[in-house]
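Structural overview
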Amino acid sequence: MPWRRIRLWGSLGVCVLVALGVLAWFTPALSVRTVRIDGLVAVPELQVREQLEIPSGRSMLRIDTTSVAARVAGIPKVHTVRVQRVFPSTVKVTVEERTPVLFFDSPQGAHLMDAESVEFAIEPAPIGVPKLLTRHPGSDDPVTRAAVSVMVALPPALNVQVDEVVARSISDISLNLQDGRTVLWGGTNDAQRKAAVVLPLLTRDGTVYDVSSPNLVTVR
């Protein structure tokens, strides 16, 4: 007798859970009422909402967060995106946009490149983003990628001073500063050591600062 009661109550419990699941899945009990988008600066919110494709009133349980995130990540200016269900009725979308570290000119306009050497927009470069001067600029060009790596390795206090990056080869990269001085950086090797010696070196009088061999720096 006790086992029959246990089985009975167990069956009832399962039925209740199934009923609640059906209720949540097919009815407005846990429907989406709010879509919150955080992190947008350059990407229009309307563009993100169009990619979300989340109808108002759809059950929270029926939101495929992975697919939604993949659609938003397809926007060129989006670096990463996270989509979360916040019960009872909110979908939260957190976007991290791509940030330009360099740009290069072409007949189509200025190509913006991020820290991963991704060309994500053709539009006027924001103030303070250095211009890349190289023979064959582009994401697939090893010299371009080396120039991007150099910019990423620079200490912030120097990064904001750079006006142009001249990349003649992967081992011959120089930085033209806004005040007319030039830093000869060399290649991407010894970046940490170069970053450590370059700022103290720039306190000396001169116009050309060579840190391509960080153990033997020169000023002229």
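Our subject in this report is the structure included herewith. In this text the structure is predicted, and so the values were computed from the model without any measurement.

For the rest of this paragraph, the subject is the overall build of the protein chain. Each helix and strand in the protein chain was counted, giving six helices and 12 strands. Buried residues in the protein chain amount to 37% of all 220 residues. Put simply, 43% of the contacts in the protein chain that link residues at least 6 apart link residues at least 24 apart. Summed over its atoms, the accessible surface of the protein chain is roughly 12700 Å², and 57% of this surface lies on carbon and sulfur atoms.

Of note, K194 is situated in helix 6 (residues 191–201). No salt bridge forms around the buried K194; measuring N to O, its nearest opposite-charge neighbour D190 is 5.9 Å away.

Let us now look at the environment of P100. Along the chain, P100 turns up in the loop between strand 3 (90–97) and strand 4 (102–106). Judged by its relative accessible area of 19%, P100 falls in the buried class. Here the alpha-carbon distance between P100 and K77, two residues 23 residues apart in the chain, equals 9.8 Å. Look past the residues within four positions of P100 in its chain and what remains in contact with it is L112, M113, D114, F120, P126 and V129.

On to the environment of T90, then. Counting through the fold element by element, T90 comes out in strand 3. As for T90 and R33, which are separated by 57 residues in sequence, their C-alpha atoms are 6.1 Å apart. Excluding residues that lie within four positions of it along the chain, T90 makes contacts with T34, R36, M60, Q84 and R85.

So, how was this worked out
- Residues numbered from 1 in each chain as written.
- Predicted model: local features only at pLDDT ≥ 70, side-chain atom pairs only at ≥ 80, totals over all residues.
- Heavy atoms only, no water.
- Helix = DSSP H or I, 4+ residues; strand = E, 2+ residues; numbered from the N terminus.
- Buried < 20%, exposed > 50% of the residue type's maximum accessible area, 1.4 Å probe, protein only.
- Contact = heavy atoms within 4.5 Å.
- Areas by Shrake-Rupley, 256 points an atom, 1.4 Å probe, with all protein chains shown as cover.
- Lys, Arg positive; Asp, Glu negative; His and termini not counted.
- Salt bridge = Lys/Arg side-chain N within 4 Å of Asp/Glu carboxyl O.

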